[in-house]
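# Report on the structure
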Amino acid sequence: MIIKLILTIFCWLAVLPIVYGFNFGINYNFFIIVLYALLLLIMFIFSRFTTKIIICVLFSATYLILKDLPSEESLWKAGNFFIIFSAFLPSLWLLRSTAITMPSVAKTQNLLSNLVSTKILSGIQVTSHVLGGVINIGTFPLLSSVIPKNAKYKMRQSSGEAAIRGMNTAVLWSPFFVSFAVGQLYLPSQSAWLGIIFGLLVALLFNLISMRFLIGKFTLNYLIEAISCVKPIFPRLLILSISVLAVGQIFDKTALNAIVIVVPVLVIVQMLRRPETIKSIISNLNNLILKSGDEMLLISVSMFLGSILSGSAEIQNFMSNNIGNNFPFWAMIILLPLIVWIFGLTGIHPIITSAPILSLFGPLLSLWEAAFLMQAHLIGWCAGTATSFTSLSVLTTAENFRLHISKLVLGPNLFATGCLTFIGAILLITLNYLL
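Now for a description of the structure that goes with this document. This one's a predicted model, so the numbers in the text were calculated from it and none came from an experiment. (Residues numbered from 1 in each chain as written. Predicted model: local features only at pLDDT ≥ 70, side-chain atom pairs only at ≥ 80, totals over all residues. Heavy atoms only, no water.)

Take the pattern of salt bridges next. In the structure shown here, the tally under the stated rule is 1 salt bridge. Residue R274 is joined to E276 by a salt bridge in which the shortest nitrogen-to-oxygen separation is 3.4 Å. A residue is classified by how much of its surface remains accessible, and E276, at 54% relative accessible area, is exposed. (Salt bridge = Lys/Arg side-chain N within 4 Å of Asp/Glu carboxyl O. Buried < 20%, exposed > 50% of the residue type's maximum accessible area, 1.4 Å probe, protein only.)

Encoded structure:
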């Protein structure tokens, strides 16, 4: 649909000056908000039935929670908050479109497909984790292609579950997820970056333990062969990650803004290195824009409503009356991921549950404590999206691996993410006590 393509690209380009720090006035921002709202309306009209139901439920729940309609100031603040995603998500699609054309990604796929059946599940989880840290749900189509078309359902089920565990636990440390950007909005930027260190440790432990107990036979040799699959792409991922971190630190940008700045530059460099890929990259991007409307719609609406709810008197009063300003730090670390995970199981997006808690707890903590709360937030986001029937991770995996959504949600990953929520929180509390 040409109008969707035009509006997506126009909003993307129009937001770039704001990301770079230019201020063209209120009218300019208002114009972008209106155009982006129009684009989301078009996406809603042509979205899947399930997506329509989710959006209607989110708006209905927000209406029931709020005593009065949001003020003009609240709508304006939420609008300025969510228009950044008109540039953030297309930047990720551009990155995904470029990654598909890279020989290093193809080499990784080949190495993975050559693993024997007893080792391929470990390879899928490790590759999904590393690759998913950058291209997010774009990992699932790439990994599903290495599974033989005549593979039995049990094999496809185990592969899909391993892919979800790998990709979703990348949320714990990667700045290339919406969850990281949300954390930076409510917590000090320095604490958010520090939270990455804790996330790497939690992700490492979870993946090692889950591969041992959920995949079964697992040895050091299996792990080495699995890691070798990502060797071709690792240098590229390292360059990308260092570039985003450098821009974020040097120019004092959030991860979300840093990604919007860095990705187009690196893609242009890649195009200049390999001009023969330009046509494919543009074609891939065009297809992703046309097919990814549900992804942008769900995230943008969730962020918009989450912003309104997190700043509302109703939510703030509820949190203050039921939790209070003297809530113990250790209880914050347990409560945040637990609430996000439980509500995620019911289909409620983490932004709806996580943002209000972060906005309440954030100002009460030191920079060091905020880093632990950031990781608790990411644990909740990871667990909540890995087992939710409305999660894009689950929906995309089910589509690409040809699986039943209910079996993915109610499978072993439900137990694994529950353990991650509780044990991960306890680990963070222990680390805070020891360090």
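Alright, that's what it looks like, and here's the rest.
Before going further, it helps to spend a moment on helix α5 (residues 85-100). Its 16 residues give α5 an end-to-end C-alpha distance of 22 Å, which sits within 8% of 22 Å, the value for a rise of 1.5 Å per residue. Taking burial as the measure, the 16 residues of α5 include 15 buried ones, the bulk of the element. (Helix = DSSP H or I, 4+ residues; strand = E, 2+ residues; numbered from the N terminus. Expected span 1.5 Å × (residues − 1).)

A few words now on the packing of helix α11 (residues 189-215) against helix α23 (residues 412-434). Orientation of α11 relative to α23, taken along the N-to-C sense of each, is 140°, at an axis distance of 11 Å. Here α11 lies oblique to α23, going by the angle between them. Our pair here, α11 against α23, has a crossing hand that is right-handed. Of the residues in α23, those in contact with F198, L201, V202, L205, F206 and L214 of α11 are P412, N413, A416, L420, L427, L428 and L431. Grouping the amino acids of the contact of α11 with α23 by side-chain chemistry returns 12 nonpolar, 1 polar and no charged. (Axes fitted to C-alpha atoms, helices over the stretch in contact; angles between N-to-C directions. Parallel < 35°, antiparallel > 145°, perpendicular 65-115°, else oblique. Left-handed = near helix turned anticlockwise from the far one by under 90°. Contact = heavy atoms within 4.5 Å. Nonpolar A, V, L, I, M, F, W, Y, C, P; charged D, E, K, R; others polar.)

Using the criterion set out here, one finds 9 aromatic pairs in the structure. Aromatic side chains F24 and Y28 sit 5.0 Å apart centroid to centroid with 80° between the ring planes, which places their arrangement in the edge-to-face category. Each ring, one from Y36 and one from F82, has its centre 5.2 Å from the other, and the planes form 45°; the classification is tilted. With a gap of 46 residues between them, Y36 in helix α2 (residues 26-45) and F82 in helix α4 (residues 72-82) connect regions that are remote in the sequence. For the pair formed by Y36 and F82, the shared burial category is buried. The rings of F22, F24 and Y28 are connected pair by pair, giving a single aromatic cluster. Geometry around F44 places K52 over its ring, the cationic atom sitting 5.9 Å from the centre. The positively charged end of R212 is found above the aromatic ring belonging to F213, 5.3 Å away from the centroid. (Phe/Tyr/Trp six-rings, centres within 6.5 Å; stacked < 30°, edge-to-face > 60°. Lys NZ or Arg CZ within 6 Å of the ring centre and 35° of its normal.)

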